[in-house]
Amino acid sequence: MAGRINDDDVKVVRDAVPIDTVVSEYLQLRPAGGGNMKGLCPFHDEKSPSFQVSPSKGLFHCFGCQEGGDTIAFVMKIDHLSFSETVERLAAKAGITLRYEEGGYNPTHQRGERIRLVEAHKAAADFYVEQLGGEEAAIGRKFLAERGFDQSAAEHFGVGYSPAGWDHLTRFLRGKGFSDKELLLAGLSQDGRRGPIDRFRGRLMWPIRDISGEVVGFGARKLRDDDNGPKYLNTPDTAIYKKSQVLYGVDLAKKDIAKASRAVVVEGYTDVMACHLAGITTAIATCGTAFGTDHIKILRRLLMDNGSARVIFTFDGDAAGQKAALRAFEDDQKFAAETYIAIAPDGMDPCELRLNKGDAAVQDLVEPRTPLFEFAIRQIVSRYDLETPAGRASALDEAGPIVARIKNGASQHEVAVQLAGILGILDTQFVVKRVAQMARWARDRGGRGPAGPGSSSSSSSSSSASSYDSGQSPALSGPALNLRSPAHRTERELLKLALQRPELVSPAFDAYGVDEFTAPPYAAVRRAVEDAGGAEQGMASAPEYLAGVREAAPNDAVRALVTELAVEVFHGKTIDEAYAGEQLVRVRLRAVDLRIHDVTSTLARLGTGADHERHQAVQNELWVLQQYRQSLRNSGAAAL
């Protein structure tokens, strides 16, 4: 068994792959100020971006769910990899050869399971592409040509062909060093009577890539009448492929989706190809399943849910297409983007439309025409006789709750007015009030929502504080601090300076005691800085310094707080020595005030009957503290 990866190599990998480059493969990032970037967190649902990345420090942190860390931690979390698998993956991307402490270089067969499955899929994709040029695959090339796709189109999308024999791919991958167990786990082979056989045989093959561009599965189209299988056969769910969590074409479309704030959702692989070749490079498709919540999460991270973002669904005009559109509308409110539906004339899909009417017709199709909510409402009311009062009332009873689900009050009112027009109800206000009433009923049935921020601040604060003192992880995610407290705000700002701009607070900061930080979480961070050698260490190399502070943290809670403070933006407009000095003085003044309070209390307890020398010593300390306080107030940072 191979040993652990050499520590120096881990550092080289961490430094070689910029964190913003890696994170940008999964979500759209925008400037957040102070050199940081922000986006919608990939680890929890949110409407506004609280996920921040600091390229200069190589760290990320989400202020919503408190996830944070370096490039390696991000990839481990988002792709569910082990530490060694992540380092190996990033090293391969950067072209770095890793050394191992025991056993020399890592043999291929000892790599992590996920990496092996991805490598098997890449090898399979190359195999299928090569087979498409063979004599047997003529039927596949004909299928593509009949739909307007030439060789360059096939190459662009990596389309291939799986031979009709029982085990061509299986034998090929065995020759590449993959075990039967790995091929079965990958879903590339399946059990046969005499051992593993190919899962896909005699079909046209589309590689399905995840958002980072790695092949994780395949979609296979039937070509022959004697094939008794389904028209489309997809890779089964595996350790690397979940059909509800992948979008075909997203690796090609993600940059243009983010740039244009627009995504076009089509139904099939050939539709994606047709759209891209027609210039609609934001087209993506689901892989044999309905468009659902996990797909929305992927798109929301790319769109950033800004007000101008648009999602256009294209569905066939038949009953199944209309049902798919209504299903999509059920999730409409999970988007902040505007959603539309586009149905081609004569019920043609984008592939057929391009073939029959050209690229311009496809481009025209996806220009937003009908808002999805309007389409859904019209589909519902079409089942009722709107010529009768009873029919209009019944249609309102079914369509009203749909409108009531719209969370934005202004939008809900506007759509309710449109619903009145669609139904032919002249009393518009009646419909508006009826929809509002349905919305209230829905909220009441749902019960009360979670308590707002600060609803149990005292108890959670003490619980969180004790977890930092004891070294245990807190029950709540992140520190429950009273940020309304001027003292806590200043301590936080000073720690941010010590982590992000140590040159502005050194060497004064390193002379501050842990007890000068009144919030236990902040005291724990101060101690971690001290244990890592002090803020002065950060003046040489910021990434190494921050890595050292994170390693010195006693537990995950403190480590997460270090990351959070290392990427959080400053409150001040100008971050310079004057600003840093102001924070240093405020924290020191607070500590001096607390000490003066303690000494005054001691003096009062001693009373007049105390030992004279003891009484004099306490009085002297009080006098010195008072003089120091006055000096800090008069001279500021110069008195430190």
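Okay, so let's go over this structure. (Residues numbered from 1 in each chain as written. Predicted model: local features only at pLDDT ≥ 70, side-chain atom pairs only at ≥ 80, totals over all residues. Heavy atoms only, no water.)

1. Description of the sheet that holds strand β12 (residues 262–266)
Argument step 1. Taken in spatial order, the five strands line up as β13-β12-β14-β15-β16 in an open sheet, and their pairing is mixed. Only two strands of the sheet have a single partner each, and these edge strands are β13 (283–285) and β16 (370–371).
Argument step 2. Note that β12 and strand β14 (residues 310–314) share four bridges and pair parallel. Among the inter-strand pairings, Ala263 is bridged to a residue of β14, identified as Val311. (Pairing = 2+ DSSP bridges. Helix = DSSP H or I, 4+ residues; strand = E, 2+ residues; numbered from the N terminus.)

2. Here's the deal with the sheet that holds strand β9 (residues 203–209)
Argument step 1. The strand order across the open sheet built from four strands is β6-β9-β10-β11, with neighbouring strands paired in antiparallel fashion. At either margin of the open sheet sits one strand with a lone partner, and together these are β6 (160–162) and β11 (232–234). For this sheet the average axis-to-axis angle between neighbouring strands, irrespective of direction, equals 35°.
Argument step 2. Pairing analysis gives three bridges linking β6 to β9, with the strands arranged antiparallel. If you follow Gly160 over to β9, its bridge partner there is Met205.
Argument step 3. Packing against the sheet, helix α5 (residues 113–131) makes contact with β6, β9 and β10 (215–222), and its axis sits at approximately 35° to β10. (Axes fitted to C-alpha atoms, helices over the stretch in contact; angles between N-to-C directions. Contact = heavy atoms within 4.5 Å.)

3. Digging into the environment of Lys243
Argument step 1. Mapped onto the secondary structure, Lys243 falls in the loop between β11 and α10 (250–260).
Argument step 2. On the basis of relative accessibility, which here comes to 37%, the residue Lys243 falls in the partly exposed class.
Argument step 3. As for Lys243 and Gly217, which are separated by 26 residues in sequence, their C-alpha atoms are 8.9 Å apart.
Argument step 4. Apart from the residues within four sequence positions on either side, Lys243 is in contact with Asp237, Cys287, Gly288, Thr289 and His295. (Buried < 20%, exposed > 50% of the residue type's maximum accessible area, 1.4 Å probe, protein only.)

4. Considering the nonpolar core
Argument step 1. Among the nonpolar cores identified, the biggest contains 61 residues, and Leu144, Trp206, Phe218 and Tyr248 are the most heavily contacted of them.
Argument step 2. Considering every element that reaches this core, the biggest residue donor is α5, with eight residues.
Argument step 3. Contacts of Leu144, omitting those with residues within four sequence positions, involve Leu132, Phe149, Ala154, Val159, Leu204 and Trp206. (Core = buried A, V, L, I, M, F, W, Y, C linked by side-chain atoms within 4.5 Å.)

5. Observations regarding the pattern of salt bridges
Argument step 1. Applying the stated criterion across every chain yields a total of 33 salt bridges.
Argument step 2. Lys11 is the salt-bridge partner of Asp15, the closest N and O atoms lying 2.9 Å from each other. A residue pair is termed a helical-turn pair when its members lie 3 or 4 positions apart in one helix, as Asp15 and Lys11 do in helix α1 (residues 7–16) at four residues.
Argument step 3. Residue Lys11 is classed as partly exposed on the basis of its relative accessible area, which comes to 32%.
Argument step 4. Among the ionic pairs, Glu146 bridges to Lys142, the shortest N-O distance being 4.0 Å. One end of the pair, Glu146, and the other, Lys142, are both in helix α6 (residues 138–146), four residues apart, so they sit about a helical turn from each other.
Argument step 5. By relative accessible area, Lys142 is classed as exposed at 53%.
Argument step 6. Each of Arg492, Glu493, Lys496, Glu564 and Glu568 takes part in salt bridges that share partners, so that together they form one network. (Salt bridge = Lys/Arg side-chain N within 4 Å of Asp/Glu carboxyl O.)

6. Digging into the packing of helix α21 (residues 486–500) against helix α25 (residues 556–567)
Geometry of a packed helix pair, given as the angle between the helix axes and the separation of the axes.
Argument step 1. Their axes nearest at 8 Å, the elements α21 and α25 cross at an angle of 85°. Considering the angle they form, α21 stands roughly perpendicular to α25. Along the contact surface, α21 presents Arg492, Leu495, Lys496, Leu499 and Gln500, while α25 presents Leu561, Val562, Glu564, Leu565, Ala566 and Val567.
Argument step 2. Within the contact of α21 with α25, the residues separate by chemical class into seven nonpolar, one polar and three charged. (Parallel < 35°, antiparallel > 145°, perpendicular 65-115°, else oblique. Nonpolar A, V, L, I, M, F, W, Y, C, P; charged D, E, K, R; others polar.)

7. Considerations on helix α8 (residues 168–175)
Argument step 1. Regarding α8, the residues found buried are Leu169, Thr170 and Leu173. Each buried residue of α8 sits inside an arc of 100° when the element is viewed along its axis, so together they form one side.
Argument step 2. Turning to α8, the residues buried within the fold contact α5, α9 (180–186), β7 (189–192) and β8 (195–198).
Argument step 3. In the segment just after α8, Gly177 is the residue with positive phi, at about 100°. (Arc of directions from axis to C-beta.)

8. Brief notes about α1
Argument step 1. Restricting attention to buried positions, one finds in α1 the residues Asp9, Val10 and Val13. Take α1 and look down its axis: the buried residues cluster within an arc of 105°, on one side only.
Argument step 2. Capping of α1 at its N-terminal end is provided by Asn6; its side-chain oxygen lies 2.8 Å from the backbone amide nitrogen of Asp8. (Polar contact = N/O pair within 3.5 Å; in protein donor to acceptor, adjacent residues only side chain to side chain.)

9. As for the packing of aromatic side chains
Argument step 1. Across all of its chains, the model carries 17 aromatic pairs by this definition.
Argument step 2. Geometrically, the ring pair formed by Phe51 and Phe60 is stacked, given 5.5 Å between the ring centres and 25° between the ring planes.
Argument step 3. With a centroid separation of 5.5 Å and an interplanar angle of 20°, the aromatic rings of Trp206 and Tyr269 are classed as stacked. Taken together, the positions of Trp206 in strand β9 and Tyr269 in helix α11 (residues 269–277) put the pair 63 residues apart, joining distant regions of the chain. For the residue pair Trp206 and Tyr269, the accessibility class agrees, reading buried in each case. (Phe/Tyr/Trp six-rings, centres within 6.5 Å; stacked < 30°, edge-to-face > 60°.)

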